[in-house]
Amino acid sequence: MNGKRLPTIPDSITLLNLLLGFMAILFILEDKPTQAASMILLAVLADIFDGFLARRNGSVSRFGRELDSLADLVSFGVAPGVILYTLFTHPKLAVFSAIIPVCGALRLARFNVMDDKSGFTGLPIPAAGGFIASLVFLGVVLNQFLLVALTVMLSALMVSEIRYFKYSSKGGSKPFMVYLLAISTVIGLVDERMLVLPFIIYTLSGLSGLNQ
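Below is a summary of the structure that appears in this document.

## Side note on the layout of surface pockets
Next up, step 1: Estimates place the volume of the second largest pocket at around 280 Å³.
Next up, step 2: Surrounding the second largest pocket, 16 residues form its lining, P33, T86, L87, V136 and V140 being those nearest its centre.
Next up, step 3: Going through the elements one at a time, helix 2 (33-57) and helix 3 (62-87) are the ones with two or more residues in the lining of the second largest pocket.
Next up, step 4: Ranked by the residues each element gives to the lining of the second largest pocket, the list is headed by helix 3, at three residues.
Next up, step 5: Residues belonging to the lining of the second largest pocket are distributed by class as follows: nine nonpolar, five polar and two charged.

## Looking at the nonpolar core
A general trend in soluble globular proteins is that nonpolar side chains are found buried together.
Next up, step 1: Among the nonpolar cores identified, the biggest contains 48 residues, and L123 and Y202 are the most heavily contacted of them.
Next up, step 2: At the level of elements, helix 1 (9-29), helix 2, helix 3, helix 4 (99-113), helix 5 (125-135), helix 6 (144-158) and helix 8 (197-207) are the ones that each hand at least two residues to this core.
Next up, step 3: In this view, Y202 contacts F120, L123, P124, A127, Y164, F165 and L181; residues no more than four positions away in its chain are not counted.

## Re the packing of aromatic side chains
Next up, step 1: By the definition in use, this model includes three aromatic pairs.
Next up, step 2: Ring geometry for F111 versus F120: centroids 6.2 Å apart, planes at 45°, classification tilted.
Next up, step 3: With relative accessibility at 27%, the residue F111 sits in the partly exposed group.
Next up, step 4: Taking 5.3 Å as the distance between ring centres and 40° as the angle between the ring planes, the aromatic pair formed by Y164 and Y202 counts as tilted. Separated by 38 residues along the polypeptide, Y164 in strand 2 (residues 163-164) and Y202 in helix 8 bring together distant segments of the chain. As far as the burial class goes, Y164 and Y202 line up, both buried.
Next up, step 5: Among the aromatic residues, those joined into a cluster by ring pairs are Y164, F165 and Y202.
Next up, step 6: Over the ring of F111 we find R65, and its NZ or CZ is 4.6 Å from the ring centre.

## Thoughts on the environment of L157
Next up, step 1: In this structure, L157 sits in helix 6.
Next up, step 2: Since its relative accessible area comes to 4%, L157 is described here as buried.
Next up, step 3: C-alpha of L157 to C-alpha of G122: the two residues are 35 residues apart in sequence and 5.6 Å apart in space.
Next up, step 4: Non-local contacts of L157, meaning those with residues more than four positions away in its chain, are made with G122, L123, I162, Y164, T203 and L207.

## Notes on the packing of helix 5 against helix 8
Next up, step 1: The geometry of helix 5 relative to helix 8 is characterised by a closest axis approach of 9 Å and an angle of 140° between their N-to-C directions. As judged from the angle between their axes, helix 5 and helix 8 are oblique. For helix 5 against helix 8, the interelement crossing comes out left-handed. Contact with helix 5, carried on its side by P126, A127, G130, F131 and S134, involves F199, I200, Y202 and T203 of helix 8 and no other residues of that element.

## Considerations on the pattern of salt bridges
Next up, step 1: Enumeration according to the criterion identifies three salt bridges in this entry.
Next up, step 2: For the salt bridge of K32 with E30, the shortest nitrogen-to-oxygen distance reads 3.7 Å.
Next up, step 3: Among the salt bridges present, the one from R193 reaches D191, with a minimum N-O distance of 3.0 Å.
Next up, step 4: Of the residues examined, R193 reaches a relative accessible area of 49% and is grouped as partly exposed.
Next up, step 5: Accessibility expressed as a relative area gives 25% for D191, which makes it partly exposed.

What counts as what
- Residues numbered from 1 in each chain as written.
- Predicted model: local features only at pLDDT ≥ 70, side-chain atom pairs only at ≥ 80, totals over all residues.
- Heavy atoms only, no water.
- 1 Å grid on protein atoms, 1.4 Å probe; cavity = no way out; pocket = protein on both sides within 12 Å on 5 of 7 lines; lining within 4 Å.
- Points joined across faces, edges and corners; volume = space filled by probe spheres on them.
- Helix = DSSP H or I, 4+ residues; strand = E, 2+ residues; numbered from the N terminus.
- Nonpolar A, V, L, I, M, F, W, Y, C, P; charged D, E, K, R; others polar.
- Core = buried A, V, L, I, M, F, W, Y, C linked by side-chain atoms within 4.5 Å.
- Buried < 20%, exposed > 50% of the residue type's maximum accessible area, 1.4 Å probe, protein only.
- Contact = heavy atoms within 4.5 Å.
- Phe/Tyr/Trp six-rings, centres within 6.5 Å; stacked < 30°, edge-to-face > 60°.
- Lys NZ or Arg CZ within 6 Å of the ring centre and 35° of its normal.
- Axes fitted to C-alpha atoms, helices over the stretch in contact; angles between N-to-C directions.
- Parallel < 35°, antiparallel > 145°, perpendicular 65-115°, else oblique.
- Left-handed = near helix turned anticlockwise from the far one by under 90°.
- Salt bridge = Lys/Arg side-chain N within 4 Å of Asp/Glu carboxyl O.

This is the structure:
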């Protein structure tokens, strides 16, 4: 890479993603879980937008890919892991929160060495991080063992061989799933308790085999 390379607009949005993840951690430290979760969900949008712009402008690069992974690990691995830590009311169960950033790092490392344009292998880390963040908006104390099961499931899905579609895949898009996710997202914006809905649908889409 040329040391004089300047960040592109997509790179700047990726850095915004990273900043939002950092802000989420600060909000958690200040005991403001709702604001922290909001920062992670905004980071999901930034992550989608920077990839879209990079492909649209033909500015996809190895530098941008590596930067994106570093930002994703903070925003969708570390920050959601810290949120999970606060959701566990039993100290001995809180150790499970570490699985998310660990498996997220493995997921990102594998993604960086693969050249798969038809879809994703394993649950993308933004989907896992967004899923965890959206739980905050439910406004209830989750059953601790259910929370352990969900954490293990999301972590296992990230490092699995299960296929997930991506919106930009040529000839491999799933229009029905895209519309369903869009509608569920709108519903979530109307009622914040339903923000978890699009993440549930996307996660189940891989388990159901709809992405094959």
